[in-house]
Amino acid sequence: MRPTLDSDLLRTFVAIAEAGNFTRAAEQAGRTQSAVSMQMKKLEELVGDSLFERGSRGVALTRRGGELIVNARRIVSLLDETAASMAAAPLGGPVRIGIPEEYGHAILSRALGAFSKRHTKVEVTVRYAHSGAQLAALAAGELDLAVVFEWQDPGGGEVLMHDPTVWVTSSLHHMHEERPVPIALYNRAGWCKDFAIKSLEQRGLAYRVAYTSDTTGGLKLAVTSGLAIAPISHSNIPDGCRELTAVDGFGHIDSSNVVMHRNPNASGEAIDGMQEAIRDAFVNRSD
């Protein structure tokens, strides 16, 4: 039979290993040295091997003890983390988030999933819009957190990732080989004129506007259906599509960062928690 390891024994084992001394570990645990010694005797019996080598200056881990300490620390840390999360009072109140549509599924769904497990009473409102509209809403006090694209140095925001916009084509339809090349663009003219169209003109590529949309989903549809090529952030290239590189006669459209801004007047633990959840979702995103 496999030994059943008691978490209390493992906690004492970790304390001794870190203190390097039974006496100090007993003092930290508020127990007698004999009680700690008996715990380690029991643990060694369960493991079937000695865990410490005694010396004049204290104790050191044996080979078997060194193997156990890694998992023991993980178990103790997980138990402490679980206890802390259960003891934390659930948060309440509203949190208003603005985020680009392309990060709704891959990023925000993960952040909301992690956040809602701990804070079931928080009312979350999400706004999908382009970066200019999000920043305006943040300044007007309509949002607590705004995740936006920025092409210059971030002005006081937190950079979450670098995600350049690139021209994307369908691997099946090869629309980038047509001349003039059919392109899909956002309805708003400023960014398209300053970045997307300018990148074509700089390379001397003749183009025609074949499709316009106010969402990234619309641009993806234009590409996957073989209607046009489109400017899409690198992390959001659809399946069956690819980036058009310098080898194809194209290149990056912009060098944007994804930046999170917080309303300076927005305070509260719920907003703190959501900000952390969004940050963690970007850090742990699937590349």
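Counting starts from 1 at the beginning of each chain's written sequence and moves along it residue by residue. For this predicted model, a pLDDT threshold of at least 70 governs which residues receive local features, and a threshold of 80 or more governs which side-chain atom pairs are given and counted, while totals over whole chains, interfaces and linings are taken from all residues. Water and hydrogen atoms were dropped before computing side-chain values, which therefore reflect all heavy atoms in the structure.

The next subject is the overall build of the protein. If you tally the helices and strands in the protein, you get nine helices and twelve strands. Here the radius of gyration uses the C-alpha set of atoms, whereas the globule reference equals 2.2 Å times the residue count to the power 0.38. By the compact-globule yardstick of 19 Å for 287 residues, the protein is too spread out, its C-alpha radius of gyration being 28 Å. Each principal axis of the C-alpha atoms in the protein carries an extent, and together these give about 85 × 45 × 35 Å. Taking all 287 residues of the protein together, 41% fall into the buried category. Contacts: residue pairs with any heavy atoms within 4.5 Å of one another. Counting only contacts in the protein whose residues sit at least 6 apart along the sequence, the fraction spanning at least 24 positions is 74%. Secondary structure elements are defined from DSSP: runs of H or I of at least 4 residues count as helices, runs of E of at least 2 residues count as strands, and each element is numbered from the N terminus. Burial classes follow relative accessibility: with a 1.4 Å probe on protein chains only, a residue under 20% of its type's maximum area counts as buried, one over 50% as exposed, and anything between as partly exposed.

Here we come to the pairing of strand S10 (residues 230-233). The alternating pattern of S10 places Ala230 and Ile232 and Pro231 and Ser233 on opposite faces, both of which are buried. Strand pairing follows a simple DSSP-based rule, namely that at least 2 bridges must link the two strands. With four bridges joining them, strand S7 (residues 165-170) and S10 adopt antiparallel strand pairing. Counted as the bridge partner of Val166 is Ile232 from S10.

Before going further, it helps to spend a moment on helix H6 (residues 131-139). Within the span of H6, buried status applies to Ser131, Gln134, Ala137 and Leu138. Within H6, the buried residues cover an arc of 125° as seen down the axis, which keeps them to one side. Gly141 sits one or two residues past H6 and shows a positive phi near 80°. Directions pointing from the helix axis toward each C-beta atom define the arc.

With that out of the way, let us pick up the environment of Ile97. Tracing the chain through its elements places Ile97 in strand S3 (residues 92-99). Judged by relative accessible area, which is 0%, Ile97 ranks as buried. Residue contacts for Ile97: discarding those within four places in its chain leaves Leu108, Val124, Thr125, Val126, Arg127, Leu143, Leu145, Met274 and Ile278.

Let us now look at the UniProt feature "domain: HTH lysR-type" (unreviewed entry) in the protein. UniProt positions are given in the numbering used here, feature names are shortened, and annotations may be inferred rather than shown by experiment. If you check UniProt for "domain: HTH lysR-type" (unreviewed entry), the listed places come out as residues 5-62 in our numbering. Secondary structure over residues 5-62 splits into 62% helix and 14% strand, and the C-alpha atoms at its two ends are 18 Å apart.

Moving on to the packing of helix H1 (residues 7-19) against helix H2 (residues 22-29). For any two helices packed against each other, the geometry is given by the interaxial angle and the distance between the axes. Put simply, H1 and H2 touch, their axes get as near as 8 Å, and they point 125° apart. Accordingly, the angle class assigned to the pair H1 and H2 is oblique. Classified by chirality, the crossing of H2 by H1 is right-handed. Between H1 and H2, the contacting residues are Ala15, Ile16 and Ala19 on the first element and Phe22, Arg24, Ala25 and Gln28 on the second. Residue composition of the contact of H1 with H2, by class: five nonpolar, one polar and one charged. Interaxial angles span 0 to 180 degrees and are taken between N-to-C directions of axes, which are lines fitted to C-alpha atoms, for helices over the stretch in contact. Geometric relationships in this document are graded by angle, where less than 35 degrees denotes roughly parallel, more than 145 denotes roughly antiparallel, 65 to 115 denotes roughly perpendicular, and other angles denote oblique. Handedness of a crossing follows from how the near helix is turned relative to the far one, being left-handed for an anticlockwise turn of less than a right angle and right-handed for a clockwise one. Residues were grouped as follows: Ala, Val, Leu, Ile, Met, Phe, Trp, Tyr, Cys and Pro as nonpolar; Asp, Glu, Lys and Arg as charged; and all remaining residues, including Gly, as polar.

Bringing the layout of surface pockets into the picture now. Sizing a probe to match a water molecule and rolling it over the atoms shows the empty space that remains. Cavities and pockets were defined on a 1 Å grid built from protein atoms only: a cavity is a group of points that admits a 1.4 Å probe but offers it no way out, a pocket is an open group of points flanked by protein on both sides within 12 Å along at least five of seven lines, and a lining residue is one with an atom within 4 Å of any such point. Grid points are joined across faces, edges and corners, and a volume is the space filled by probe spheres set on the points. Here the largest pocket defines a volume of roughly 380 Å³. His130, Ser131, Phe149, Tyr186 and Arg188 are the residues nearest the centre of the largest pocket, which is lined by 22 residues in total. Sorting the residues of the lining of the largest pocket by element identifies H6 and S10 as the ones contributing at least two each.

The next point concerns the packing of aromatic side chains. Note on aromatic pairs: the rings of Phe, Tyr and Trp (six-membered ring only in Trp) are paired at centre separations within 6.5 Å, and the planes decide the class, stacked below 30 degrees, edge-to-face beyond 60, tilted for the rest. By the definition in use, this model includes four aromatic pairs. Residues Phe22 and Phe52 carry aromatic rings whose centres are separated by 5.7 Å and whose planes lie at 75° to one another, so their mutual orientation is edge-to-face. In this pair, Phe22 is assigned in helix H2 and Phe52 in strand S1 (residues 52-55), connecting sequence segments 30 residues apart. Taking the relative accessible area as the measure of exposure, Phe22 reaches 8% and is therefore buried. Given a relative accessible area of 4%, Phe52 falls into the buried group. Put simply, the rings of Phe13, Phe22 and Phe52 pair up and form one aromatic cluster.

Across the six residues that make up strand S8 (residues 181-186), a large majority, six, are buried. Sheet analysis places S8 next to strand S9 (residues 207-213), joined by six bridges and oriented parallel. Bridge pairing links Val181 to Tyr207 in S9.

Okay, unusual backbone geometry next. One can expect most non-glycine residues to show negative phi and most peptide bonds to be in trans. A cis amide bond links Arg179 to the next residue, Pro180, at an omega of -5°. Position of Pro180 among the secondary structure elements: in the loop between S7 and S8. At His174, a residue that is not glycine, the phi angle is positive and equals roughly 55°. By the secondary structure assignment, His174 is in the loop between S7 and S8.

This brings us to the domain arrangement of the protein. Residue ranges assigned to each domain were obtained from an automatic or database domain assignment. Here the protein is described as being made up of domain 1 (7-87), domain 2 (95-162 + 257-284) and domain 3 (165-248). With centres defined by C-alpha atoms, the gap from domain 1 to domain 2 works out at 42 Å.

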